[in-house]
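Each chain, written out:
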Amino acid sequence: MSDAAVHALDHHEPVTSTGIPNKKVLMWAFLGSDCMFFGTLISTHLIYRKISATVGGNTLDVRDIFDIELTSFSTFILLASSLFMALAVSAIHKGNLKSTRWMLLGTIVFGSIFLACQVYEFTHFVHGKENKNGDLEHQLTLSAYAGKTLEDGKDAELKPHVFGSTFYVLTGTHGTHVAIGVFWLLGWFVYSFTGRMSTAHAIDIECCGLYWHFVDIVWIIIFPVVYLMEYAF
Amino acid sequence: MTSHTHRSKIPQLVFSLQTLALFLLGSCSRIDHKQSALDPKGLVAQNQYDIFMLSVWITIFLFCAVGGCLLFVLWKYRAKSKEEAMEIPEQMHGSSKIETTLIIASAVILVILAVPTLQGVVLMNRVPDPNDQATLEKLKLDKSQIEDAITVNVTGKRFFWVFEYPQYGIVTANELVFPASKAVRVNLRTEDVIHSFWLPKLAGKMDLMPGQENFLWFIADEQKIRSGIDKDGNPYEVDAKTAMPSVFDGKMRQTIFAKQAFTDEFEAVGGLFYGQCAEYCGNSHAYMSFRALAQTDEDFEKWVLKFRNAQNPNLQPTAYSAENTYEEGTVVTYTDEQLGENNRREFRALKATAKGQTPVTKPDVWEKVHSDDYEKGKILFGTQGCAQCHAINKTGIGAKGPNLTLFGLRTSLAAGWMRNDEDSLDKWLRNSNEIKFGNLMWNGEGIDDRHPLRQLQDDDEKVSQLVTYLLGLK
Amino acid sequence: MAIESIKYASPETESKLETKAFPRPGQHASGIVDWLTTIDHKKIGLMYGLAALFFLIVGGIEALLIRSQLWSHNMEVLTNRQYNQMFTMHGTTMVFLVIMPLSAAFFNFFMPLQIGARDVAFPRMNTLSLWCFIAGGIILNLSWFFTGGSPAIGWFGYAPLTDPRFTEVIGDMGPDFWIFSLQILGIASLLASFNFITTIINMRAPGMTMMRLPVFTWMTLVVSFLLILALPAIAIALAELMFDRSYGTNFFDFLEGGKPHLWQHLFWIFGHPEVYILILPAMGIVSEVIPVFSRKPLFGYGLVVFSGALIGFMGFAVWSHHMFTTGMGVVATSAFSILTMLIAIPTGVKIFNWIGTMWGGRIRFDTPMLFALGFITMFMIGGFTGIMHSSVPIDAQHQDTYFVVAHFHYVLIGGALFGLFCGFYFWLPKITGRMMNEKLGKFVFTLMFLGFNLTFFPMHYLGMIGQPRRTHSYNEGHGFEAWNQIATVGSFILGIGVFIGVVQFIHSFYSKKLKPAGKNPWDARSLEWTLSSPVKDYNFARTPIIKARDQAWENNHGEKDNHSEKQPLDDHGVHMPDRSWCPLVTAFGLFVMAIGLLFHQSIDASGELARDYTIAIAGGVIFVVGVIMWAIEGPRGYHLFPKENEE
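Not measured: the values here are computed from a predicted model. (Residues numbered from 1 in each chain as written. Chains lettered and ligands numbered in written order. Predicted model: local features only at pLDDT ≥ 70, side-chain atom pairs only at ≥ 80, totals over all residues. Heavy atoms only, no water.)

## Some thoughts on the interface of chain C and chain B
For clarity, the cut-off: Pairs of residues are marked as contacts when any of their non-hydrogen atoms sit within 4.5 Å. Buried area is calculated as the accessible area (1.4 Å probe) missing from two parts once they are joined, with the contributions of both summed. We define a salt bridge as a contact between a side-chain nitrogen of Lys or Arg and a carboxyl oxygen of Asp or Glu at a distance within 4 Å.
Of the residues lining the interface, 105 residues belong to chain C; the matching set on chain B comes to 98 residues. Approximately 8,700 Å² of surface area, both sides summed, lies buried where chain C meets chain B, with 68% of it carried by carbon and sulfur atoms. Scanning the region where chain C abuts chain B turns up two salt bridges. In this structure, R362 of chain C engages E87 of chain B in a salt bridge whose closest nitrogen and oxygen atoms are separated by 2.7 Å.

## Brief notes about the arrangement of the chains
For this structure, the chain pair with the highest number of contacts among two pairs of chains in contact is chains B and C. Note that chain A does not reach chain B: the shortest distance linking a C-alpha of one to a C-alpha of the other is 12 Å.

## Quick look at the confidence of the model for chain B
In low-pLDDT regions, the fine details of the predicted coordinates are not to be read closely. Residues and elements named next belong to chain B. Worth spelling out the cut-off: One confidence number per residue, pLDDT, is output by the predictor and ranges from 0 to 100. Helix and strand assignments come from DSSP, with helices taken as H or I runs of at least 4 residues and strands as E runs of at least 2, each series counted from the N terminus.
Averaged over chain B, the pLDDT score is 84; the fraction of residues at 70 or greater is 92%. The lowest-confidence element of chain B is helix 1 (residues 13–28), averaging 55 in pLDDT; the highest-confidence one is strand 6 (residues 195–199), averaging 95. Across residues 1–11 the pLDDT falls below 50, and counting only partners more than four positions away or on other chains, this stretch makes 14 contacts in the model.

## Focus: the domain arrangement of chain B
Residues and elements named next belong to chain B. What counts, and what does not: The domain boundaries here were taken from an automatic or database domain assignment. For the purposes of these results, a polar contact is taken to be a pair of N or O atoms within 3.5 Å, where, inside protein, one atom must be able to donate a hydrogen and its partner to accept one; residues adjacent in sequence count only when each atom of the pair is a side-chain atom. When residues are grouped by polarity, Ala, Val, Leu, Ile, Met, Phe, Trp, Tyr, Cys and Pro land in nonpolar, Asp, Glu, Lys and Arg in charged, and all others, Gly among them, in polar.
Domain boundaries assigned for chain B yield domain 1 (7–76 + 95–125), domain 2 (145–310) and domain 3 (317–392 + 421–471). Relative placement of domain 2 and domain 3: their C-alpha centres are 29 Å apart. On the domain 3 side, the residues contacting the six residues of domain 2 number eight residues. Between domain 2 and domain 3, roughly 520 Å² of surface is buried when both sides are summed, and carbon and sulfur atoms account for 53% of that area. Along the contact surface separating domain 2 from domain 3 lie zero salt bridges. Put simply, domain 2 and domain 3 have one residue pair in polar contact (both at pLDDT 80 or more) between them. Here the side of domain 2 that touches domain 3 is composed, by residue class, of three nonpolar, one polar and two charged.

## Details of the sheet that holds strand 7 (residues 159–160) of chain A
Residues and elements named next belong to chain A. Using the following cut-off: At least two DSSP bridges between two strands are needed for those strands to be called paired.
In space, the three strands of this open sheet follow the order 5-6-7, with antiparallel pairing throughout. Bordering the open sheet on either side are strand 5 (139–140) and strand 7, each of which pairs with just one other strand. Sheet topology places strand 6 (residues 144–146) next to strand 7; two bridges connect them, and they run antiparallel. Of the residues in strand 7, the one forming a bridge with Y145 is K159.

## Some thoughts on unusual backbone geometry
Applicable threshold: The cut-offs for exposure are 20% and 50% of the maximum accessible area for each residue type, with area from a 1.4 Å probe on protein chains only; residues under the lower value are buried, those over the upper are exposed, and the others partly exposed.
Put simply, A159 of chain C and P160 of chain C share a cis peptide bond, and its omega is 0°. Relative to the helices and strands, P160 of chain C is located in the loop between helix 5 (123–142) and helix 6 (174–202). The omega torsion of the bond from S533 of chain C to P534 of chain C falls at -10°, within 30 degrees of zero and hence cis. If you trace the backbone, P534 of chain C turns up in the loop between helix 16 (481–510) and strand 1 (544–545). In this structure, K140 of chain B takes a positive phi of about 55° despite not being glycine. Positive phi, normally seen in glycine, also occurs at R295 of chain C, with a value near 55°. Take R295 of chain C: it is sitting in the loop between helix 8 (260–294) and helix 9 (301–314). Among the residues examined, R295 of chain C registers a relative accessible area of 0% and is labelled buried.

## Some remarks on the confidence of the model for chain C
The share of residues in chain C with pLDDT of 70 or more is 96%, and the mean pLDDT across the chain is 90. When the criterion is pLDDT under 50, residues 1–20 of chain C qualifies, and its contacts beyond four places in sequence or with other chains add up to 43 contacts.

## Topic: the side chain of S181 of chain B
Residues and elements named next belong to chain B. With respect to the helices, strands and loops of the structure, S181 is situated in the loop between strand 4 (175–179) and strand 5 (183–190). In this structure the side chain of S181 is engaged in a polar contact, spanning 3.3 Å, whose partner is the side chain of K182. Ignoring anything within four residues of it in the chain, the contact list for S181 reads Q145, I219, E222 and D297.

## Some thoughts on the packing of aromatic side chains
Residues and elements named next belong to chain C. Stated formally: Pairing of aromatic side chains requires ring centres within 6.5 Å, counting the rings of Phe and Tyr and the six-membered ring of Trp. Pairs whose planes differ by under 30 degrees are stacked, by over 60 edge-to-face, and all others tilted. By the criterion adopted, a ring carries a charge over it if an Arg CZ or a Lys NZ lies within 6 Å of its centre and within 35 degrees of its normal.
All chains considered together, the criterion is met by 100 aromatic pairs over all chains. Each ring, one from W354 and one from F375, has its centre 5.6 Å from the other, and the planes form 75°; the classification is edge-to-face. With W354 in helix 11 (residues 344–358) and F375 in helix 12 (residues 367–390), this residue pair connects regions lying 21 residues apart in the sequence. You'll find W354 and F375 in the same group, each marked buried. Over the aromatic face of W35 sits the side chain of K43, whose NZ or CZ is 5.9 Å from the ring centroid. Across from the ring centre of F156, 4.3 Å away, lies the NZ or CZ of R470, which sits over that ring.

## Quick look at the packing of helix 7 (residues 215–247) of chain C against helix 9 of chain C
Residue and element names in this part refer to chain C. Stated precisely, the cut-off is as follows: To obtain each axis, a line is fitted to C-alpha atoms, and for helices this fit is confined to the stretch in contact; angles are then taken between N-to-C directions over 0 to 180 degrees. When an angle is under 35 degrees it counts as roughly parallel; over 145 it counts as roughly antiparallel; between 65 and 115 it counts as roughly perpendicular; any other value is oblique. Rotating anticlockwise by less than a right angle from the far helix to the near helix defines a left-handed crossing, while the corresponding clockwise rotation defines a right-handed one.
Contact pair helix 7 / helix 9: the axes reach a minimum separation of 9 Å and the direction vectors enclose 15°. One element, helix 7, and the other, helix 9, form an angle in the roughly parallel class. Handedness of the helix 7/helix 9 crossing: right-handed. Across the interface between the two elements, V215, W218, M219, V222 and L226 of helix 7 pack against Y301, V304, V305, G308, A309 and G312 of helix 9.

## Digging into helix 11 (residues 297–311) of chain B
All names here are of chain B. Spelled out, the test is: Under the convention used throughout, the expected extent of a helix is 1.5 Å for every residue step, that is, one less than its residue count. As used here, the arc is the angular range of directions from the helix axis to the C-beta atoms.
Over its 15 residues, helix 11 runs 21 Å from end to end, which matches the ideal 21 Å to within 8%, given 1.5 Å per residue. Of all the positions in helix 11, only D299, F300, W303, V304, F307, A310 and Q311 are classed as buried. An end-on view of helix 11 places all buried positions within 140° of arc, on one side of the element. Across from the buried face of helix 11, at angles greater than 90 degrees, the exposed residues are E301 and L305. On its buried face, helix 11 sits against strand 1 (150–157), strand 2 (160–165), strand 3 (170–173), strand 4, helix 8 (240–243) and strand 12 (289–295).

## As for the packing of helix 2 (residues 43–76) of chain B against helix 12 of chain C
For any two helices packed against each other, one specifies the crossing angle of their axes together with the interaxial distance. As a packed pair, helix 2 of chain B and helix 12 of chain C sit with axes 10 Å apart at the nearest point and diverge in direction by 165°. Regarding the angle of helix 2 of chain B to helix 12 of chain C, the classification is roughly antiparallel. Like other packed secondary-structure pairs, helix 2 of chain B and helix 12 of chain C cross with a definite hand, here right-handed. Within the contact between the two elements, helix 2 of chain B uses F52, S55, V56, T59, L62, F63, V66, G67, L70 and L74 of chain B and helix 12 of chain C uses L373, I376, T377, M380, I381, F384 and M388 of chain C. For the contact of helix 2 of chain B with helix 12 of chain C, a count of residues per class yields 13 nonpolar, four polar and no charged.

## Here we look at the pattern of salt bridges
Residue and element names in this part refer to chain B. By the definition in use, this model includes 35 salt bridges over all chains. As a salt-bridge pair, D39 and K201 come within 3.0 Å of each other at their nearest N and O atoms. Linking D39 in the loop between helix 1 and helix 2 with K201 in the loop between strand 6 and strand 7 (204–208), this pair joins segments that are 162 residues apart in sequence. The two residues D39 and K201 agree in class, both being buried. Linking D221 and K224 is a salt bridge whose minimum nitrogen-to-oxygen distance equals 3.8 Å. Through salt bridges that share partners, D39, K41 and K201 make up one connected network.

Here it is in C-alpha cells:
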C-alpha cells in the first residue's frame, strides 16, 4: 500500500492485511455460522415434513392452516425492505445522510410490517380458524394439531404433532433475526439525529445491510421450503 | 497374540511399556471371560473378531514401524552434549517424494482393512439367502440352518429385557433360549429410552432405538460351544448334552448351580452366554444384563412346548364344577378353607371322577398339586401387588415388570445380576434396593413407601412362601 | 455497532474525551478492576488458562471418584445416580471447560504475538467471550445444588433420556442446567472464533503471508472455522431440546412423532468436528515445539497445514461413525466407515512430518519436547484404535465399551492434554518471564505418562472382555477386577502428576527464585520469541515487517536478507484502548437471563404450571444495557511511548 493510501485512511480504519475492514470479515464469519444455524433448522423441518403428515393417525393437511396470500404479501414486503436497505448503504457511501436516514426508516417500517404479519399469522394458527358455524378448527400449537371440527359441533381434539414444533421454531428463529435487525437499524436511525453520523459509519451500515440481506435470503429459502412446497408435493 | 520376539529388542521405556502391556494382555490373561468378545462362539462374532485381529496386527505393525522409526531418530539425532545442542543442522524443509510415498502406503494399508469391513457390514446386517449356495458354502452353513431360523422380538425396558417368540406365541424375560444349530433373527425395539443389545460372544451389538425397529442376527457354532480350553491349558471337547444341558427340565439350572460360586457358573457349560445393555439408559443401566442359553434342537422344541402350554390360556386349570366329570390327571381349582376365604387351590384328579366328587368331599380322588407354601405364595403374589407388574402363565405384553412364567427354570435373577436360588431370591424380595439400588420394583412408578412389597422385609414366613411359589414355577 | 476503529487522538483531545460520558477504566486501573475490565488478549488468555486449570482439577476429582467406584465389583463409593452424574459432569467439564478453554487460552495469548499484532481484532468482544465461558462454567456446576442434582445423561445427552417423560427424579433440573451452560459456552466459543478468524485474516504484520503463519496460528484458524460451522448444529439441537423440555414441543419425543435419531445426528455433526476442535490446537502446539527442540524447520510445512485443514474439512463428513450401532443401514454405515478410514491419512501425514522434522536434527529432551513425544506416541495409539472403530464390524463389539473409553482418552489426554501441557512448559517462560524447574517438569511428565498408560491401556482389554462404559458397578466373575485396579492406581498417579504440574505452573508466576527466561530461552523460531518475557502490554513497540516463516530463528541464525525489519515508531506513540466494563455487564446479563429461564417454571398453589419471566427479562435488560453502553462508550484510550527496543 502506497504512502498516499495510508495517509488517506488517516487512521480512521486500521490498515488490514486484506484491505477488507475487520467488521466486514466479522460479519461474513457470523453469516457463515448463521447459515449453519438455519441449515440445521431447515433440515430438521425437512426431515420431519414427510413423517409429520400423519402422527399417531392424526393426519395434517398444512394447507388448511396456512394463509398463503398473507405470507406471500409479507414475503414481498421483506424483499422490498431489502431494496431500502441497499439504498441506505449506497446513500451513506455517498455521504447523503438525510437519504440514509429515510431509507433506514423505510427498512425498519417494512421489516416491522413483516414482523406484524408473522405475529398475526402465529396468533391465528395457534387459535385456529373459524368455520361457517363459528367453530374453531385447524389449530396448530407448538406441540399439537387439531383438525376439522367434529360434525356435532364439538371442537376437534388437539393431538400431539411434530409439525408445529418445527414450523414455529424455524420461522420463529427467522422472526427473531428480523426483530434484532429492526432494533439494530432503529439504533442507527436514532443515532442519525445526534449529528455525529458521517461516512465513517458507512462500514457499520454496510454490516447492517449484509445482515439484513442475509436474513432476507434465508426467508427466500424458508418460504418455498416451508410454505410453497406444501402446495406442490 | 502369543509372540514373544519383540520384547528384548526394544530398549526404550515408551516401547517396552506398550509392548509389555500388550503381550501381558495377550498371553498372561484369560480371554474367555463371561462377556469376552475375544472368545467368539458364533459366526457373526467370529467375523467381527477376525477383522479385529486383522486390525490389531496391522496396527501393531504400524506402531512398530512408525514407533521404531521415531526411536531410531530420537537415538541417532539426540544432542549428545551442550555444544552439540547449539549446533545448527541443515535446515531441510521437506520432501514431496517421501510424503507421497507414505500417503500412498497408508492408503493401501487402509484398503486391506476396508475390504473385510465392507463384507462384514453385509454379513452383520443380512441373514444370508438360503438359496445362495456359494455364500452358504463359504460361511460353512447348511441351508436348513437359515431356513428354519427362529425370530425373537426383543423389547428393552428400564431395566430388563422382554424376549418374545412370535413364531411360537410365547414371551419370556431376561433369558433368551435359542437352538444352537439355527440362525436367530433378533428384532430390537424399545418402549422407553435407547438401549443396546450386546451379546459379545455371538453377535456384537445393536441399539434399540425408540420409534424404529433394528435388526441383528446370530448363529452359534455348536463345535465351539462343545469345545474349550481347561484351566491347565488343554483343549477338551464334550458332547452336546453336556455343553448345553436342557432348560425345560431344569438341567441347565442344576448344572450351573453345581458350581459353588456364582462367579464360576459360566465355566460350567459352553451353552451359557452373557449379554448386557451397552447404551446408557438411566440410573440402573449397569444392572441391565441378560443371558442367552443355547439348546439342542430337541431340547429347544421341548422348552417351547412347555412354555406354550404354560402360557396357553386354554390350558390353564379351570374352576371345579360339580356338573362335570373329570378324567384322570385333570387339574382344577377349588376353594380351600386352609388357604383362607375364597382362595382356590389346584387339585389333580388321581382317577376319573364322577359328578359331585369335589376335592373336599373326596380327598382320595384328588391330590393337591402344590404344597401349602406354594399356594400361599401364589396368593401373596396377587395380594402384595406383584401381579400388577409381573405376568405369570400369560404373555402379558405391556407388563411393567419381567414376565415370570416358568421362573423356576431361570438360572438368573434380577436381569442376570445374581443366581436364581432360594437365598438370593429371599434377599431380593426382602430388599431389592440393597442389591440393585434404585430398581423400579422398590422405587419405581407408582410404588411408594406403603407398597406391601416393602413390608415384606421382616416377614420371614411370607417371603419364604413367595420364594417357594416363584421357584416352584417350572 | 461496536466501534472498534482506532482513532488516534492527540493527548490533549484525549483528556477532553475522558471527561465526557461515563467512565471507562483507563491506563491506571489496577487490581481487581484491571482484571475484570481488561481487554488485553494476554490477560484474557491467562484468565482462560487459570479458570480451565481450576476446572481441570474439578473434572479430575470427578474422574478419581469414578475410578474409586470401579475399584472392585459392587463397590459403594457412589450410588448409581451419583456415579452417572459424575461421568456426565466429568465428560462435559473436561471437553467444554478444560480442553477447549485451555486451547482458547493459548490462542488468545500467542496467536496475536505470532502474527505481529498488538491485540485481536475486537478486544472487547474477546473479554465478553471470556466472561461467557466463566458464566457457562458456573451454571454447569450450579446444577449440583438444585433439584435432581447434576445431569445424569452422559456428556452427549442422548434423547429421549433427556425427556421429562423418562426422568428418574421428579422435576430434575440437571439437563436444563446442562442445556443453558452449553448454550452460553457456545456463545463464548462463537465470539472467540469470529474474533480469531478476523484477527488472523486481517491483522497480520506486513510480510506475514498466510503461508508464513506458524502452524499453531494455522490451527487456530482451522479450529475457529470448525467452531463457527459446527456449534450451530448443537446450539439448535439444544434449543430444540429446551423447547421439548419446557414448552412441550415434540422434536425428540418419539411417542408424538419426533425422532431420537435426529438428536444423535445433530449432536455428532457438532460432536465430531468437536473432536478435531480438541485435538488440532494440541497438534499446532506440537508442530511448534518439535522444530524448536530439533533445531530444524517443520518438515513439509505446507502439507502439515493442508492436512490440518483437510482433517477439519473431513471432520464434517464422518459424524455418523458414532452411530454405527443405531441401525442406519448397510449403505450409510459403509460410506461413513470408508470416509472415517480416509481421515486417518491426513492424520498420519502429520506424524510422518513430525518424525521428518526430527530427522537430522539436534534433539534436546527438555520437558516440552518430552510432552511432545508423549503426545506423538499416545496419539498414535489413540489413532490406531480409532482406525479399528472405523470398521463397522469391529465397532459392533467396541461401541460403548471400555475400549472406546480407552480410545478417546488416548486421544484426549495422551493427545490433547499432553499437547496442552507441552504448550505450558514451552510458553510459560514467555508468559511469566521465568524458567521452570526442568527436573520437576520431567518428574511431572514421568508421573503423567506412567499414570496415564496404567490407567487407560488396561481399558482396551477391559472393553474386549466385556465391560460396558457408563456402568457404575459390575458383577463378580467377569474378570474385570484386576485390570480395573491397575487403572485406578494409574489414575491416581496421573492425578498427582497433573496436580503437581498445575502447582508448578501457578508457582512460576510468583516465585522470584526461578531463573529469568530472557527473550528466547529455547532458541525458538516464531515471532513471539523476539519479544521480551513477559511480553509488554503493547506487544510490539514497532510493527515488524516479516521476511521469512520462522522469523525469530531467521533473525538469529538466518541470512541478512531474511532478518525482519520494523516500521518506524509512531510520533503519537502506541495507542492503547481503554478497559471496559461493558463485556462483563453483557455477560452478566446473559447469566441472569439463563438463570431466569432455568427457574421460570413453578407449580402454583392450584397445581397448575406457572411461568414467571421476571428474572429472565431483568437479565435481558442488563444484557441490552450492556450492549448499548458498549456501542456508545466509543473508542477511547491512551498512548504509550516505548523506546526503540522496549518490546
